[in-house]
Amino acid sequence: MNIPVSELIVRYLERLGIDTIFGMPGAHVLPIYDCLHDSQVKSVLVKHEQGAAFMAGGYARVSHRPSACIATAGPGATNLITGIANAYAERLPVLAITGETSTYIFGRGGLQESSGEGGAIDQGALFASITRYHKLIERTDYLGQVLNQATQALLGREPGPVLLSIPYNVQKETVDDGVLEQIHFPSPSAIRHTTPTDELAELIRAAHTPVIVAGHGCIQAGARDAVAALSASFNIPVTTSLKAKGVVAEGTPLSLGCLGVTSNGDAYRYLVDHADLLIVLGAGFNERTSYLWDAKLLTGKKLAQVDRDAAQLGRVFQPDVAICGDIRAVVEDVFAALQADGMPPKSRERLDGHQATAPQNDSESLTGAFRLMQDFYSGLAQRFPHNALVFDDNIVFAQSYFDVSDRNHYFPNSGISSLGHAIPAAIGARCFAKDSPTFAILGDGGFQMCCMEMMTAVNYGIPLNVVVINNGTMSLIRKNQFQLYGERYIDCDFVNPDFALLAQSFGVKHHRIETRDDLDVLFDRADLTGAINLIEILLDKHAFPRYLSAR
Ligand SMILES: Cc1ncc(C[n+]2csc(CCOP(=O)(O)OP(=O)(O)O)c2C)c(N)n1
Ligand SMILES: [Mg+2]
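Every chain is numbered independently, its residues counted from 1 as its sequence is written. Note on labels: chains are lettered from A, ligands numbered from 1, in written order. Residues qualify for local features only when their pLDDT is at least 70, as the model is predicted, and side-chain atom pairs are given and counted only at 80 or more; totals for whole chains, interfaces and linings, by contrast, use all residues. Computation of side-chain values: all heavy atoms of the structure, hydrogens and water removed.

K.L.:
Teacher, can you tell me more about the overall build of the protein chain here?
P.N.:
Secondary structure elements are defined from DSSP: runs of H or I of at least 4 residues count as helices, runs of E of at least 2 residues count as strands, and each element is numbered from the N terminus. Across its full length, the protein chain carries 22 helices and 20 strands. For 551 residues, the compact-globule estimate of 2.2 N^0.38 gives 24 Å, and the C-alpha radius of gyration of the protein chain, at 25 Å, lies within 12% of that figure. For the protein chain, the C-alpha atoms occupy an extent of roughly 75 × 60 × 45 Å along the three principal directions. A burial count over the protein chain gives 58% of its 551 residues as buried. Residues count as neighbours in contact if any of their non-hydrogen atoms are within 4.5 Å of one another. At a minimum sequence separation of 6, the contacts of the protein chain that also span at least 24 residues come to 75%. Just so you have it, the protein chain exposes about 22000 Å², and 50% of that area is on carbon and sulfur atoms. Radius of gyration here uses only the C-alpha atoms, and the compact-globule reference equals 2.2 Å multiplied by the residue count raised to the power 0.38. Exposed residues in this analysis have more than 50% of their type's maximum accessible area, buried residues have under 20%, and partly exposed residues fall in between, with area computed by a 1.4 Å probe over protein chains only. Only the protein chains shown count as cover for residues, and all accessible areas are computed by the Shrake-Rupley method using a 1.4 Å probe.

K.L.:
How should I be thinking about the coordination of the magnesium ion (ligand 2) in this particular structure?
P.N.:
Ideal coordination angles are 109.5 degrees for a metal with four donors arranged tetrahedrally and 90 or 180 degrees for a metal with six donors arranged octahedrally. Note that water is not among the atoms considered, so a metal site may appear incomplete; the donors listed are N, O and S atoms within 2.8 Å of the metal, with 3.2 Å applied to Na, K and Ca. Donor atoms from the polypeptide that coordinate the magnesium ion (ligand 2) comprise Asp444 (OD), Asn471 (OD1) and Thr473 (O), at 2.1 to 2.2 Å from the metal. Read in sequence order, the donor residues coordinating the magnesium ion (ligand 2) give the pattern D-x26-N-x1-T. Of this pair, Asp444 sits in helix 18 (residues 444-450) while Asn471 sits in the loop between strand 18 (464-470) and helix 20 (475-484), placing them 27 residues apart in sequence. When sorted by exposure, Asp444 lands in the same class as Asn471, which is buried.

K.L.:
Can you help me understand the packing of aromatic side chains in this one?
P.N.:
Note on aromatic pairs: each is described by the distance of the centres and the angle between the planes. Classification of ring pairs uses Phe, Tyr and Trp, with its six-membered ring standing for Trp, and accepts pairs whose centres are within 6.5 Å; under 30 degrees between planes counts as stacked, over 60 as edge-to-face, and the remaining range as tilted. Applying the stated rule across the entire model yields 14 aromatic pairs. Where Phe391 meets Phe411, the ring centres are 4.7 Å apart and the plane angle is 15 degrees; that geometry is what we call stacked. With a gap of 20 residues between them, Phe391 in strand 15 (residues 389-392) and Phe411 in strand 16 (residues 409-412) connect regions that are remote in the sequence. Looking at Phe391, the relative accessible area reads 0%, which means it is buried. Seen in terms of ring centroids, Phe402 and Tyr410 are 5.7 Å apart; in terms of plane orientation they differ by 75 degrees. Their pairing is edge-to-face. There is no split in this pair, since Phe402 and Tyr410 are both buried. Ring-pair connections join several aromatic residues into one group, and the members of that group are Phe376, Tyr377, Phe402, Tyr410 and Phe523.

K.L.:
Would you mind going over helix 12 (residues 327-340) with me for this structure?
P.N.:
Residue pairs spaced three or four apart in an α-helix point in one direction, given the helix's 3.6 residues per turn. One less than the residue count of a helix, multiplied by 1.5 Å, gives the span that helix is expected to have. Taking 1.5 Å as the rise per residue, helix 12 with 14 residues should run 20 Å; its terminal C-alpha atoms sit 20 Å apart, in good agreement. Considered for burial, the residues of helix 12 that qualify are Ile327, Ala329, Val330, Val331, Val334, Phe335 and Leu338. Residues of helix 12 that are buried in the fold lie against helix 8 (198-206), helix 9 (216-220), helix 10 (224-234), strand 12 (277-281), strand 13 (302-307) and strand 14 (321-324). One or two positions beyond helix 12, positive phi appears at Gly342, with a value near 65 degrees.

K.L.:
Is there a simple way to think about the pattern of salt bridges in this case?
P.N.:
Close approach of charged atoms allows side chains of opposite charge to pair. Just to be clear on terms, a salt bridge is a Lys or Arg side-chain nitrogen sitting within 4 Å of an Asp or Glu carboxyl oxygen. Tallied over the entire structure, the rule returns 19 salt bridges. Two residues, Glu181 and Arg15, come together in a salt bridge whose shortest N-O distance is 3.1 Å. Within this pair, whereas Glu181 is found in the loop between strand 8 (174-176) and helix 8, its partner Arg15 is found in helix 1 (residues 5-15), the two being separated by 166 residues in sequence. Its relative accessible area of 57% is what places Glu181 among the exposed residues. Across the pair Lys541 and Asp493 runs a salt bridge whose closest N-O atoms are separated by 3.7 Å. Residue Lys541 is found in the segment after strand 20 (532-538), and its partner Asp493 is found in the loop between helix 20 and helix 21 (499-506); the two are separated by 48 residues along the sequence. Judged by its relative accessible area of 25%, Lys541 falls in the partly exposed class. Classification of Asp493 as partly exposed rests on a relative accessible area of 37%. Put simply, Glu7, Arg11 and Asp177 are held in one network by salt bridges that share partners.

K.L.:
So what exactly am I meant to see when it comes to the environment of Ser436 here?
P.N.:
By the secondary structure assignment, Ser436 is in the loop between helix 17 (422-432) and strand 17 (438-443). Owing to a relative accessible area of 12%, Ser436 belongs among the buried residues under this scheme. Taking the C-alpha atoms as reference points, Ser436 and Pro463, separated by 27 residues in sequence, lie 9.2 Å from one another. Setting aside residues no more than four positions away along its own chain, Ser436 makes contact with Asn387, Leu389 and Arg430.

K.L.:
Would you mind going over the sheet that holds strand 19 (residues 509-513) with me for this structure?
P.N.:
Note on pairing: two strands pair once DSSP finds at least 2 bridges between them. Across the sheet, which stays open at both edges, the 6 strands sit in the order 16-15-17-18-20-19 with parallel pairing between neighbours. The strands lining the two open edges of the sheet, one partner per strand, are strand 16 and strand 19. Neighbour-to-neighbour, the strand axes of the sheet open up by a mean angle of 15 degrees, direction not taken into account. When strand 18 meets strand 20, the two strands line up parallel, connected through 7 bridges. Paired with Asn465 across the bridge in strand 20 is Asn533. Under this scheme, a helix contributes an axis fitted over its contacting stretch, all axes are lines through C-alpha atoms, and angles between N-to-C directions fall in the 0 to 180 degree range.

K.L.:
So what exactly am I meant to see when it comes to the sheet that holds strand 4 (residues 67-71) here?
P.N.:
One key point about sheets: their strands pair by backbone hydrogen bonds, in either a parallel or an antiparallel sense. The sheet built from 6 strands is open, its strands ordered 3-2-4-5-7-6 with parallel pairing. The outermost strands of the open sheet, each flanked by one partner alone, are strand 3 (42-45) and strand 6 (133-136). Across the sheet, the mean angle separating the axes of adjacent strands is 20 degrees when strand polarity is ignored. The sheet contact formed by strand 5 (residues 94-100) and strand 7 (residues 162-167) spans 6 bridges and is parallel. From the neighbouring strand, Thr98 faces strand 7, where its bridge partner is Ser165. Of the strands in this sheet, strand 2 (20-23), strand 4 and strand 5 touch helix 3 (residues 49-63), which is tilted by about 170 degrees from strand 4.

K.L.:
Would you explain the pairing of strand 19 in this entry?
P.N.:
Regular strands show a simple pattern: their side chains alternate between the two faces of the sheet. Both strand 19 and strand 20 contribute to a ladder of 5 bridges, which runs parallel. Looking at strand 20, one finds that Ile513 is bridged to Ile537. Crossovers are marked right-handed if the path from the first strand over the helix to the second runs clockwise, as seen with the strands pointing away from the viewer. Taken together, strand 19, helix 22 (residues 516-525) and strand 20 form a β-α-β motif whose crossover is right-handed.

K.L.:
How should I be thinking about the side chain of Gln399 in this particular structure?
P.N.:
Tracing the backbone through its elements, the reader meets Gln399 in helix 16 (residues 396-401). Residue Gln399 is classed as buried on the basis of its relative accessible area, which comes to 7%.

K.L.:
Just checking my understanding: could you explain the site of ligand 1 for this structure?
P.N.:
Neighbouring residues are identified by heavy atoms, a residue being near a molecule or strand if any of them is within 4 Å of it. For ligand 1, the set of nearby residues contains 15 residues, the closest of which are Asp444, Gly445, Gly446, Thr473 and Ser475. In the analysis that follows, any N or O atom pair within 3.5 Å is treated as a polar contact, provided that within protein one partner can donate a hydrogen and the other can accept it, and provided that, for residues neighboring in sequence, both atoms belong to side chains. Take Asn394: an N or O atom from its side chain is 3.4 Å from an oxygen atom of ligand 1. A distance of 2.9 Å separates an oxygen atom of ligand 1 from a polar backbone atom of Thr473. Contact with the protein chains covers 72% of the free accessible surface of ligand 1, which is 590 Å². Listing elements by their share of the shell around ligand 1, those giving two or more residues are helix 18 and helix 20. If one sorts the elements of the shell around ligand 1 by residue count, helix 18 sits on top with 4 residues. Only Asp, Glu, Lys and Arg are considered charged, only Ala, Val, Leu, Ile, Met, Phe, Trp, Tyr, Cys and Pro nonpolar, and every remaining residue, Gly among them, polar. Each residue belonging to the shell around ligand 1 can be placed in one class, and the counts come to 5 nonpolar, 9 polar and 1 charged.

These values are about where atoms sit, not about what they do.
Right under this line is the structure:
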C-alpha cells in the first residue's frame, strides 16, 4: 500500500518499539508530527531541542531500547547536537529525525536551510562525527535500504545515535509500505565471545589476590548476577567505575566501592597495595577511573580484559589476556570452569584488614562541610533501596557517599560530561520507568542550563525530584582556581535565582535543606514518588573535595 513518507517514518518508529518521541515542531517537520495523531507514539514537547536529545538518551539508558527525538531544520537540528554527541559517547541508540528544506530549493537560501548547498550550513557534516549513521533522504527509491542501515547502526554490535534528515517535499511523497519489510532487526544476544576463556580461568587460579574491575559494559551485558556469583563464590572483591556503581551491592564485604579520582580512595589503595590480578570487565579505564592512567595500578600485577568492543582492548593498558565478546557469557564460562575443577575461594586476609583502614581523601573538616550531602545520600539509599532512578550531574558526592545497591539505578553524567543533562535525562527515563521515583541531582550552575525542562515535567505530569546544590559557585572551577591558579578566582561565583519563588512560579513544591532535620522531614513527609519537587541543598562555596585534577 502506498503511504506518505511521513507516515512511513512513524510506522518505522513503531517497528522499533518506540512509544515516546521528544522534540519541538517546526514547519519542516509538521508532516511527521501530523502523522503522530494516528499513532501509539506519544510526543513530548520540550523547551529546547538539547533537552529532547538528552531525554531520548535518558530513555535509552534506562530501557536499553532505542529512543527518538525530533527537531526542525537549521536551528532545531543544531540545538540537538550536544545531546546527540552525548548519546554517541555513551553508545546510546538514539534516533534523531530532523526536517530539511524541500530538495528543489536546495542552495537557494531557503528559510533555515541546512542542506550544505550554496553556502547553507550542512546538517550531515555537523552530525557526521557524532552519529553512527546519518542520511539526508533526498529520494524515496532507497528508503528501505536507508532504514535498514539506520537500524543496524542503532541496534548493532556497537550501538549509537542515527540522524535521518528528511526534506519537506520528500516527507509528502508516497512510497510502498512494503519497504519496511527490508529492515532486519538484529538481536543483541547474537554477540558471542570468540576467544577461549581458559587463559582467563588460568590467571584467576594462579592469583592470590585478584580484583574484578567492573565497568558499564557489565550492565549493558546484563552480567550483574554472573559477576556477583564469581565474586561471592571465590572471594574476589569488586571495584567499579563510576558508571557501574552497584554492579555488586556497595556496602557489602566484597565491594571495594568505586574507583576514580573523585572517590574515597579505598579501592585505589587496595589495588596498589594488594592486588596481583585485575580482571577488567567492560571498563574503559578513562582519565578519572584510571587516576590519570597511573602506572602504579598495574605494577606487579597481571591484567585480564574482557570487552565486547575490540577497540577497548589494550586501548589504555596492555592486557596479558584479552577477550572480545559478551561479558556475561565469558564470566559464566569462567565461573563454570573454576567450579568444575574445585578452585578454593581466595583468602580474605588482605581484604578484611583493608576494610578497617580510614578514608584518606577528605580531612575531618571537609567531611563536616559535606555532611549534608553525605546524609542526603544515605537517606536516599535507605528510603529507596530498590527502584529509584538517580541521574547525577555532580558525581563527586555520590562517588564517596552513595552506596548503590545492586538493584538500584544510578546514572552519573558521563559521555561528554555536559552540564544541563540531569533534568532532561531524568524526565526521559521516567517516561519509560513510570513507577520509579526519579531524581536529578545537579549543581546550581548546571541547573540554570536546563531548569526550564522542569516545565516539560509539569506539562505532562511527569513526577520528578530535582535536587539543586546551592553553593553560589561552580565549585569544580573554583577548586581548580584554588589548586592550580593561586586562588585567582574568575567567573566561578554567581548570584542564584530565589529557588522558592522559582518553584512557586513553576507550580512545584520547594524544599530548602539546611540541616539534618530538614532532610528527615523531606524523607519522612514529602511525596518523592508522585509529585514534582525542587529540593535545594545549601552548601558552603569555600569547601570542595580535594581530588586530583589533570589541569
Ligand atoms: C556544557 C558544559 N559547559 C561547561 C562545563 C565545564 N564545567 C564542568 S563543572 C562546571 C561547574 C559546575 O557548576 P555547578 O553546576 O554549580 O556544580 P558545582 O561544581 O558547584 O557542584 C563547569 C562549568 C561542562 N562540563 N559542560
Ligand atoms: Mg554550584
